[in-house]
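# Architecture at a glance
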Amino acid sequence: MRVLMLAAPGAGKGTQGGLIAEHFGVPHIATGDLLRAHVADGTDLGRQVKSFVDRGELVPDAVVLDMVREALEEARNDSGGYVLDGLPRTMEQARAVYRMTVELDMTADVALYLQVGQDELVRRLLARAQQEGRADDTVEVIGRRLALYREVTEPILGWYERRGILVSVAAERAAEDVTREVLVALKVLQTVAGQVPDSDRRSIDLTGLDAAFGAAPEPQPGSGV
Ligand code: ADP
């Protein structure tokens, strides 16, 4: 199973990415975690990226792509699967990771999009700020990270949709509910992966399932509800 996690800061990429990786027995390669570990360990790379991470700015592509290539090569020597979380964040990174994974013969099966509204993202990030005290979880830096997401990351969803590998899930719900739906979707896809040529793949939008599975629908005028 090879998954790219695509979602805004605060959407639950880390939580869901970790659970998916554990379920399928593949490494969870989270760029933010790797970068923060370098900063905490005071490595050369850590010193190079600290100011970018603290300000919520994107670290230069070359740095993050080298780091990910190393992790992917390690994954290839293991099961060959991965959950990549935090990259790609820009169209250039999307193209670069595609080229890299073609070369390594490990292109993604699924680009998983966790959909969460803006207000809920801010609420979650501020709540996390109090618990974890991450340097980039201040109101100002959160605003910058969300703006960058909207400007440069969200537009790449269309590229994955056209490739037919985008799976979109409504993620403004309890984490367990999101996990259940994601795992069901991935397991179904796993059974067809390899049997359907890439050119025949179709993206899947599950974001409407919310209403079907219990979220209270908006009362319709005249429906008597
Ligand atoms: P979040 O998604 O909540 O912003 P992450 O832990 O994924 O958190 O990323 C934290 C920070 O690490 C980003 O704000 C950025 O500075 C840096 N970073 C992570 N991934 C990338 C990437 N693919 N390209 C550039 N910078 C990155």
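Our subject in this report is the structure included herewith.

## Some remarks on the side chain of Asp136
Following the sequence through the fold, Asp136 ends up in the loop between helix H6 (118-132) and helix H7 (139-153). Overall, Asp136 belongs to the buried group, its relative accessible area being 7%. Only 2.8 Å separates the side chain of Asp136 from the side chain of Arg134, close enough to count as a polar contact. Beyond its immediate sequence surroundings of up to four residues, Asp136 is in contact with Val53, Asp54, Val141, Ile142 and Arg145.

## Structural notes on H6
Taking 1.5 Å of rise per residue, the 15 residues of H6 would be expected to cover 21 Å, and the 21 Å separating its terminal C-alpha atoms lies within 8% of that figure. Glu120, Leu121, Arg124, Leu125 and Ala129 are the residues of H6 that are buried. Packing partners of the buried residues in H6 comprise H7. Gly133, located one to two residues past H6, shows a positive phi value of around 60°.

## Focus on helix H1 (residues 13-24)
The end-to-end C-alpha distance of H1 is 16 Å, a good match for the 16 Å that 12 residues give at a rise of 1.5 Å each. Considered for burial, the residues of H1 that qualify are Lys13, Gln16, Gly17, Ile20, Ala21 and Phe24. All buried residues of H1 project into a common sector of 135° when viewed along the axis, lining one side. Taken together, the buried residues of H1 touch strand S1 (2-6), strand S2 (28-30), strand S3 (82-85), strand S4 (110-115) and helix H9 (175-192). Backbone geometry just downstream of H1 places Gly25 in the positive-phi region, at approximately 65°.

## Overview of the packing of helix H2 (residues 31-41) against helix H4 (residues 61-77)
Between H2 and H4, the shortest axis-to-axis distance is 11 Å and the interhelical angle comes to 105°. Considered as vectors, H2 and H4 are oriented roughly perpendicular to each other. Across from Thr31, Leu34, Leu35 and His38 in H2, the residues of H4 making contact are Val64, Met67 and Val68. Its residues assigned to classes, the contact of H2 with H4 comprises 5 nonpolar, 2 polar and no charged.

The rules behind the values
- Residues numbered from 1 in each chain as written.
- Predicted model: local features only at pLDDT ≥ 70, side-chain atom pairs only at ≥ 80, totals over all residues.
- Heavy atoms only, no water.
- Helix = DSSP H or I, 4+ residues; strand = E, 2+ residues; numbered from the N terminus.
- Buried < 20%, exposed > 50% of the residue type's maximum accessible area, 1.4 Å probe, protein only.
- Polar contact = N/O pair within 3.5 Å; in protein donor to acceptor, adjacent residues only side chain to side chain.
- Contact = heavy atoms within 4.5 Å.
- Expected span 1.5 Å × (residues − 1).
- Arc of directions from axis to C-beta.
- Axes fitted to C-alpha atoms, helices over the stretch in contact; angles between N-to-C directions.
- Parallel < 35°, antiparallel > 145°, perpendicular 65-115°, else oblique.
- Nonpolar A, V, L, I, M, F, W, Y, C, P; charged D, E, K, R; others polar.

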